[in-house]
Amino acid sequence: MLDRVWIPLLSTAILLGCAGCSGPPGSPAPASEVTSEKALQVPGTYSAPEIDRGGPVTPKVLGDVLAGLPMGRVLFACPPTMRVHAPERVEVRISGDPKEDITRGLQERGVPVEAGAKIAPLMNVTLTPDEDGVFDVKALSAAEQLTGGTFSQWVWSVTPLKSGTHNLYLTVNVVVDVPGLGPQKREIPVLTQTVQVRANMPYSTGEFWRKNWQWFMSTLLIPLGLWLWKKRSKAKE
C-alpha cells in the first residue's frame, strides 16, 4: 500500500525539480548556447566593395573610373620660335564640345595644335621644359580648373634663357573621385612643342654693357680721354 503512494509522489517531485532547473520562460540561455548573428542590411542601402586605403591606386581602379569619362579636345598654342629673354605667351584650351570654336581670340604666334584626351569636370594642366635652366615658365592662371560650358583656358608666360632647340611638355591631369580614396590625379601626356630659340643680339649687347661698363670706363674710355686731352694741349703749344 505504501509503495503505491510513494512511487507517484517520488515521480512528481523529480519532475518538479527538473522544471525548476530550466528556469522560467523567457530567461536568457546559458553562455555556452549564445550565438553571434550578422547584422542585416537595411533594404535600399548599398555597401561598396572594400578598397585598400593604405595601398597605391592601382591601374585597374583608375582604369575603371577613367573608362566612363568622355573624350574632349585639347588645344595647345605655343610659338615654334622664340628669342632669348623675350617673353612669349603660351595657352592651352580644353573643351568637351566637338563643335565649339576654341581658336577664337588666340594671341599666340604660330599654328595651334589640337589633340583628343579624356576630360573630367576637374582638370589640372602643367607646362614643363625638357631641362632645367632652359625656360622660365610662369603661370598666369590657376593650374586646377573646372571644365564645362565654354572652353577652359590655361595661360603661361614663357621666357627662353638659352639658345638652341628645346622642348616644352604639356601634361593634362584628370582629377577623378575614386571610391574610398577621394580625389586622385591621372597624368596624361598630351603634346610636346619643339621650340627653336634664337639669340637676341640687342638684349645680349645691352646685358654685356650693363655688366662691363665700369671696366670699359676705367680701361678704355678714361685713358682715351686723357690721351686726347694731352694731344690737344700739345697742339696748342
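Residues numbered from 1 in each chain as written. Predicted model: local features only at pLDDT ≥ 70, side-chain atom pairs only at ≥ 80, totals over all residues. Heavy atoms only, no water.

> Lay out the nonpolar core with the relevant residues and their values.
The biggest cluster of nonpolar side chains holds 31 residues, and the ones touching the most others in it are Val 92, Ile 94 and Trp 156. Per-element accounting of this core gives the leading share, six residues, to strand S9 (residues 164–178). If we ignore the near neighbours within four places in the chain, the residues touching Ile 94 are Arg 73, Val 74, Ile 119, Met 123, Val 125, Phe 151, Ser 152, Trp 154 and Val 172. (Core = buried A, V, L, I, M, F, W, Y, C linked by side-chain atoms within 4.5 Å. Buried < 20%, exposed > 50% of the residue type's maximum accessible area, 1.4 Å probe, protein only. Helix = DSSP H or I, 4+ residues; strand = E, 2+ residues; numbered from the N terminus. Contact = heavy atoms within 4.5 Å.)

> Lay out the environment of Val 74 in plain terms, naming residues and giving numbers.
Note on placement: Val 74 falls in strand S1 (residues 71–77). Accessibility expressed as a relative area gives 0% for Val 74, which makes it buried. When the C-alpha positions of Val 74 and Val 113 are compared, they lie 8.3 Å apart, and in sequence the two are 39 residues distant. Ignoring anything within four residues of it in the chain, the contact list for Val 74 reads Val 92, Arg 93, Ile 94, Val 113, Glu 114, Ala 115, Ala 117, Leu 170, Val 172 and Val 190.

> An account of the sheet that holds strand S5 (residues 122–129) is requested, with residue identities and associated values reported.
One open sheet holds the five strands; their spatial order is S2-S10-S9-S5-S7, and the pairing between them is mixed. Looking at which strands have only one partner, the edges of the open sheet turn out to be strand S2 (81–83) and strand S7 (144–146). On average, each strand axis in the sheet is tilted by 35 degrees relative to the strand beside it, whichever way the strands run. As judged from the eight bridges shared by S5 and S9, these two strands associate in the antiparallel manner. Bridge pairing links Leu 127 to Leu 170 in S9. (Pairing = 2+ DSSP bridges. Axes fitted to C-alpha atoms, helices over the stretch in contact; angles between N-to-C directions.)

In short, the description is geometric, and any link to function would need to be established separately.
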